[in-house]
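Commentary on secondary and tertiary structure
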Amino acid sequence: METIKINALCKSYGNAQAVNNLSISVERGEVFGLLGANGAGKSTTIECVLGTKKFSNGSISILGMNPQTERKELFERVGVQFQESNYQDKITVAELCEVTQALYKHPSDYVALLKQFGLSDKSKSQVNELSGGQKQRLFIILALIPNPDVVFLDELTTGLDARARREVWKCLSDLKKRGLTIFLTSHFMDEIEALCDKICILKKGTSIFYGTVQEAISKSPFQKFEEAYLWYTDEEECNNENI
Ligand SMILES: Nc1ncnc2c1ncn2[C@@H]1O[C@H](COP(=O)(O)OP(=O)(O)OP(=O)(O)O)[C@@H](O)[C@H]1O
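Residues numbered from 1 in each chain as written. Predicted model: local features only at pLDDT ≥ 70, side-chain atom pairs only at ≥ 80, totals over all residues. Heavy atoms only, no water.

**Comments concerning the sheet that holds strand β2 (residues 16-27)**
Taking strand neighbours across the sheet as the criterion, the 3 strands line up as β2-β1-β4 in an open arrangement whose pairing is antiparallel. Each end of this open sheet is capped by a strand with a single partner; those strands are β2 and β4 (57-62). When strand polarity is set aside, the average angle formed by the axes of neighbouring strands in this sheet is 15°. Of the strands in this sheet, β1 (2-13), β2 and β4 touch helix α1 (residues 42-50), which is tilted by about 120° from β1. (Pairing = 2+ DSSP bridges. Helix = DSSP H or I, 4+ residues; strand = E, 2+ residues; numbered from the N terminus. Axes fitted to C-alpha atoms, helices over the stretch in contact; angles between N-to-C directions. Contact = heavy atoms within 4.5 Å.)

Right, dumping it as structure tokens:
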């Protein structure tokens, strides 16, 4: 079953077209990666899927719902990790998890999530006092507290050290095995390669590649995904007939 179906999505800000005729389909239990340079349209796409931004053309269905008209129902079944979260100045990790839990009807046990992501000993610490990587892991936990069917992870492991990144990958692989659908953005190609079943590369709001990482590599002149990605996204220096 398709968890997310985006069909011919167009979104403009004034005269500037941020997303242009984008179609994406994500199955249940899939990890989908939306890639592209800064400003390519990734966050705009996610916000349209979540129903927090209106769009002019196209259609979106998520978990069988219309995000523009069923935002409230959607809120219960979707988890979102943003780069920066809003929280009170002196709030502790446990308090922030409890406040988040209170927003949902069927929340997960945050104590188990803290353990899973290696933050149990930080439960009583203020969120302000966490390191960048610890904060990032906490934001992933907050996204999982709703016990969601689908989770959106924006710039998944930015700020994490090499070991912490791999630990996050392992946690996500376990969640995927249990049927969670994961929609992520990342600027790390090793991460995309390790996690994603399917990817879409955006350039100035337009999809320039859609398929698996292996297909992306084989349709490029390169053997390494990072090089293939740069080849797809680079406009000046490459003579790429696919664009
Ligand atoms: N509220 C807004 N008003 C006007 N233009 C906007 C607004 N939000 C985004 N844009 C523009 O839309 C385009 C796409 O931005 P978007 O944030 O979706 O990109 P992104 O791929 O998520 O980038 P990043 O990797 O930097 O997060 C950019 O040109 C951006 O300047």
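Read on, since the account is not over.
**Focus on the site of the ligand**
What surrounds the ligand is the set Y13, A18, A37, N38, G39, A40, G41, K42, S43, T44, E155 and H187. Within the backbone of G39, a nitrogen or oxygen atom sits 2.7 Å from an oxygen atom of the ligand. Burial of the ligand by the protein amounts to 56% of the accessible area it has alone, namely 640 Å². For the shell around the ligand, the leading source of residues is α1, giving 3 residues. Looking at the shell around the ligand, its residues break down into 4 nonpolar, 6 polar and 2 charged. (Near = heavy atom within 4 Å. Polar contact = N/O pair within 3.5 Å; in protein donor to acceptor, adjacent residues only side chain to side chain. Areas by Shrake-Rupley, 256 points an atom, 1.4 Å probe, with all protein chains shown as cover. Nonpolar A, V, L, I, M, F, W, Y, C, P; charged D, E, K, R; others polar.)

**Here we look at the nonpolar core**
The biggest cluster of nonpolar side chains holds 51 residues, and the ones touching the most others in it are C97, L138, L153, L184, I192, I199 and F225. In contact with C97, other than residues within four places in its own chain, are Y110, L114, L138, I141, L142 and I145. If you look at the next biggest cluster of nonpolar residues, it comprises 26 residues, including F32, A40, C48 and L63. (Core = buried A, V, L, I, M, F, W, Y, C linked by side-chain atoms within 4.5 Å. Buried < 20%, exposed > 50% of the residue type's maximum accessible area, 1.4 Å probe, protein only.)

**A short note on the environment of Y104**
Structurally, Y104 can be placed in the loop between α3 (93-101) and α4 (110-116). Assessed through its relative accessible area of 14%, Y104 is described here as buried. Sequence separation of Y104 and I208 is 104 residues, and the distance between their C-alpha atoms is 38 Å. Setting aside chain neighbours within four positions, we find Y104 in contact with F75, E76 and P146.

**With respect to the side chain of K42**
Looking at where K42 falls in the secondary structure, it is placed in helix α1. Notably, K42 is buried but unbridged: the nearest opposite-charge side chain belongs to E155, and the N-O separation is 5.7 Å. Those residues in contact with K42, other than ones at most four positions away along the chain, are L34, L35, G36, A37, T185, H187 and L202. (Lys, Arg positive; Asp, Glu negative; His and termini not counted. Salt bridge = Lys/Arg side-chain N within 4 Å of Asp/Glu carboxyl O.)

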